[in-house]
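Read off the chains here:
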Amino acid sequence: MGRHIRWALALALLGAVTSVRADDAADKLAAQKKRAEANWAAIEAGEMATAETDHLLLYAPKASEKNLKEVGANLEKHYAKAAELLGFDAKKAPWEGKMAVYLLPEREQFQAFVRRVEKRRLVSGETSSHAVAGEMLYAVAGPTASKDDFPSETQAAQQVATALLQIKAGTKVPLPDWLLTGFGRATTYRISPQDKVVLADRKVARDAVAKKRTAKAVYNGTVDADEFAALSGALADMLAYGPGTAKFADLLAGFKLEENVEKKTTEQALEAAGLKWDRVENTWKAWVPNPK
């Protein structure tokens, strides 16, 4: 067989494989859209508006349609920032197809999503969530509990960032609440440092450190409820995007489970990453008043 014939056959085979992969990807995306539309129907939220970005499928009430392009751009900014930090390919998502993002402006709609789609009870004060296991690939945000918190569109973006964090750690690895809450907020801090809620969070953190609130109190969950989100954001920002960046991947790896261990503590993960608690505390006290 001549060389040119072999090359022709190889190219034809490559083209056939590429075509099959493209067909599989199209089928996967079509199935995801169908599932997302079924979820929307299940919560009885009325006529929906949709939009599509490089990595995401957006679903919202029809009245929100004119804002979806802007919302999608912000979601993608959060995706890009978190993906870069976590070492994911900027162009290729760590999931097949695209993630669905549901924007639900009414509390009843969010409650219905939790009950009918997630099939669980709503946690008091909860306004957003995500899933990355199996066919359940989505982020969802309802109305915020306080006008002083991030709007629901930003909380949805934070859930996208947190979903990437969970995938990086391992979909079945239990991460602590402070990290799940804080990483999304920290990502917003880096994208919109002059946002009024970001500035308010920074002030809460500064005041708390002035009152001797420690990093250990944050990751042990012994801070006041009204400080928890801001302090979680500050600690995640310090460890992920701030001076702890070089060790952040090791910290995430430290949460991986071992035989006969159901959940790792933050202290165990810090130790596994080679981060001494006293050094973390000293960095916390110096960094929070002047984060960079």
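In case you missed it, the structure is sitting above this.
On a predicted model such as this, the values are computed, not experimentally measured, just so you know.

K.L.:
Help me get a handle on the nonpolar core, residues and values and all.
P.N.:
With 67 residues, the main nonpolar core has Phe248 and Trp284 as its most contacted residues. For this core, the leading source of residues is helix α4 (residues 152-169), giving 9 residues. Apart from the residues within four sequence positions on either side, tryptophan 284 is in contact with Val209, Arg213, Thr214, Ala215, Val218, Leu231, Ala234, Leu235, Met238 and Pro289.

K.L.:
Lay out the packing of helix α5 (residues 177-191) against helix α8 (residues 225-241) with the relevant residues and their values.
P.N.:
At a minimum axis separation of 7 Å, α5 and α8 run at an interaxial angle of 75°. Classed by the angle they form, the pair α5 and α8 counts as roughly perpendicular. Counting all contacts with α5, which are made through Asp177, Trp178, Leu179, Thr181, Gly182, Phe183, Arg185, Ala186, Thr187, Tyr189 and Arg190, the residues of α8 involved are Phe228, Ala229, Ala230, Ser232, Gly233, Ala234, Leu235, Ala236, Asp237, Leu239, Ala240 and Tyr241. Residue composition of the contact of α5 with α8, by class: 14 nonpolar, 5 polar and 4 charged.

K.L.:
Before we move on, could you go through helix α3 (residues 107-117) and cite the residues and values that matter?
P.N.:
By the burial criterion, the buried members of α3 are Gln109, Phe110, Ala112, Phe113, Val114 and Val117. Backbone geometry just after α3 places lysine 119 at a positive phi near 55°.

K.L.:
Which residues make up the sheet that holds strand β3 (residues 99-103), and what are the values?
P.N.:
Within the open sheet, the 5 strands sit side by side as β1-β2-β3-β5-β4. Their pairing is mixed. Either end of the sheet is taken by a strand with one partner, and the two such strands are β1 (48-52) and β4 (128-133). In this sheet, adjacent strand axes meet at a mean angle of 20° when their direction is disregarded. Sheet contacts for helix α2 (residues 68-86): β1, β2 (56-61) and β3; angle to β2, the most-contacted strand, approximately 140°. This element, α4, spans β2, β3, β4 and β5 (136-141) of the sheet and lies at about 30° to β4.

K.L.:
Explain the environment of alanine 156 to me, and be specific about the residues and the numbers.
P.N.:
Its place among the elements puts alanine 156 in helix α4. Separated by 19 residues in sequence, alanine 156 and leucine 175 have C-alpha atoms that sit 19 Å apart. Those residues in contact with alanine 156 that sit more than four places away from it in its chain are Leu75, Val101, Leu103, Ala139 and Ala141.

What counts and what doesn't
Residues numbered from 1 in each chain as written. Predicted model: local features only at pLDDT ≥ 70, side-chain atom pairs only at ≥ 80, totals over all residues. Heavy atoms only, no water. Core = buried A, V, L, I, M, F, W, Y, C linked by side-chain atoms within 4.5 Å. Buried < 20%, exposed > 50% of the residue type's maximum accessible area, 1.4 Å probe, protein only. Helix = DSSP H or I, 4+ residues; strand = E, 2+ residues; numbered from the N terminus. Contact = heavy atoms within 4.5 Å. Axes fitted to C-alpha atoms, helices over the stretch in contact; angles between N-to-C directions. Parallel < 35°, antiparallel > 145°, perpendicular 65-115°, else oblique. Nonpolar A, V, L, I, M, F, W, Y, C, P; charged D, E, K, R; others polar. Pairing = 2+ DSSP bridges.

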